[in-house]
Amino acid sequence: MRKIILYIATSLDSFIARTDGSIDFLDALAPPSNTEDYGYNTLLGQIDSTLMGRKTYDSIMAMDMPFPYPDKKNYVFSRTQQQPSLDFVRWINDDVVNFVKNLKQQEGKDIWLIGGGTINTLLLNAQLIDEIQLALVPIFLGEGIPLFEKPLHESTFAINKIKHCHTGLIMLQLLPRQLST
Ligand SMILES: NC(=O)c1ccc[n+]([C@@H]2O[C@H](COP(=O)([O-])OP(=O)(O)OC[C@H]3O[C@@H](n4cnc5c(N)ncnc54)[C@H](OP(=O)(O)O)[C@@H]3O)[C@@H](O)[C@H]2O)c1
């Protein structure tokens, strides 16, 4: 079955953006380069779809660049908005968990869960995340938009890989671990 991969960058205190939505701390500390892309191009080759909440979509659209994944199927979750679908963007008002369960059953490559925290939480609580690739940025923000929101159910992951990047980031690959009872 195709995997849901959460690939995301977080501060050490588990914030994925500042309170105002800014992700400037990512750019300043660790711009992707030819020598270190944090597994990004491997991920892009592995997936054919992305999942994101409406706020993450808005933050991508607010960037001064064309939409970055026009060759993927991009599913945007919203309870309140139903914008016209573009060729590569589909607005989803259905129940997030049911939608993703169905999507996983369909033929296709893996699926990148882009975020943000609200959608991450729904899918982790439903045990639908098959892999987490976490870029740990060595900064404490103090406040911001959390990687996961409360209430978050307890779940255990094994650290499968750790890479200390020369830019100062740590990349963690986490896989769900079933605890024997
Ligand atoms: N550091 C990183 O790598 C990274 C990665 C991704 C995102 N981000 C940042 O994260 C921030 C956004 O994260 P966020 O947690 O605030 O928001 P989010 O998860 O991106 O989106 C939340 C929105 O999803 C929709 N939604 C929530 N629950 C739903 C449900 N049950 N069914 C259908 N739709 C539902 C709602 O849209 P409506 O309000 O339209 O109903 C809600 O406002 C942005 O600033 C972005 O830049 C950072």
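What counts as what
- Residues numbered from 1 in each chain as written.
- Predicted model: local features only at pLDDT ≥ 70, side-chain atom pairs only at ≥ 80, totals over all residues.
- Heavy atoms only, no water.
- Pairing = 2+ DSSP bridges.
- Helix = DSSP H or I, 4+ residues; strand = E, 2+ residues; numbered from the N terminus.
- Axes fitted to C-alpha atoms, helices over the stretch in contact; angles between N-to-C directions.
- Contact = heavy atoms within 4.5 Å.
- Core = buried A, V, L, I, M, F, W, Y, C linked by side-chain atoms within 4.5 Å.
- Buried < 20%, exposed > 50% of the residue type's maximum accessible area, 1.4 Å probe, protein only.
- Salt bridge = Lys/Arg side-chain N within 4 Å of Asp/Glu carboxyl O.

What's the story with the sheet that holds strand S10 (residues 170-176) in this structure? I'm lost.
The strands making up a sheet associate through hydrogen bonds between their backbones, and the pairing can be parallel or antiparallel. Taken together, the eight strands give an open sheet; going across it, the order is S5-S4-S3-S6-S1-S7-S10-S9, and neighbouring strands pair in mixed fashion. On the outer flanks of this sheet lie strand S5 (89-92) and strand S9 (157-164), each paired with one strand and no other. With strand direction ignored, the average angle separating the axes of adjacent strands in the sheet is 20 degrees. Sheet strands in contact with helix H4 (residues 96-105) are strand S1 (4-11), strand S3 (47-53), strand S4 (73-77), S5 and strand S6 (110-115), and its direction is about 165 degrees off that of S4. Each of S1, S3, S4, S6 and S9 is contacted by helix H5 (residues 117-125), which is oriented at about 130 degrees to S6, the strand it contacts most.

Please clarify how the environment of Ala158 should be interpreted in this entry.
Within the secondary structure, Ala158 is located in strand S9. Spatially, the C-alpha atom of Ala158 lies 30 Å from that of Arg54, the residues being 104 residues apart in sequence. Setting aside chain neighbours within four positions, we find Ala158 in contact with Gln173, Leu174, Leu175 and Arg177.

Would you take a moment to explain the nonpolar core for this structure?
The nonpolar side chains of a soluble globular protein tend to be buried, and buried together. Ranked by size, the top nonpolar core spans 25 residues in total, and within it Leu51, Phe77, Val100, Leu113 and Leu123 carry the most contacts. Among the elements of the structure, S1, S4, H4, S6, H5, strand S7 (131-137) and S10 are those that each provide at least two residues to this core. When residues in this core are grouped by element, the largest group, five residues, is from H4. Ignoring anything within four residues of it in the chain, the contact list for Phe77 reads Leu51, Met52, Gly53, Arg54, Ile92, Val96, Phe99, Val100 and Ile119. Tyr69, Ile114, Leu169 and Met171 belong to the second-largest nonpolar core, a separate cluster that totals 24 residues.

How should I be thinking about the pattern of salt bridges in this particular structure?
Note on pairing: side chains with opposite charge can pair once their charged atoms come close. On inspection of all chains with the given rule, the structure shows seven salt bridges. Its salt-bridge partner being Asp24, residue Arg18 comes within 2.7 Å of it at the nearest N-O pair. Since its relative accessible area comes to 30%, Arg18 is described here as partly exposed. Using a relative accessible area of 36% as the deciding quantity, one classes Asp24 as partly exposed. Close ionic contact of Glu36 with Lys163 constitutes a salt bridge, the shortest N to O distance being 3.0 Å. One end of the pair, Glu36, is in the loop between helix H1 (24-29) and helix H2 (40-46); the other, Lys163, is in strand S9, with 127 residues separating them in the sequence. On the basis of relative accessibility, which here comes to 5%, the residue Glu36 falls in the buried class. Taking the relative accessible area as the measure of exposure, Lys163 reaches 44% and is therefore partly exposed.

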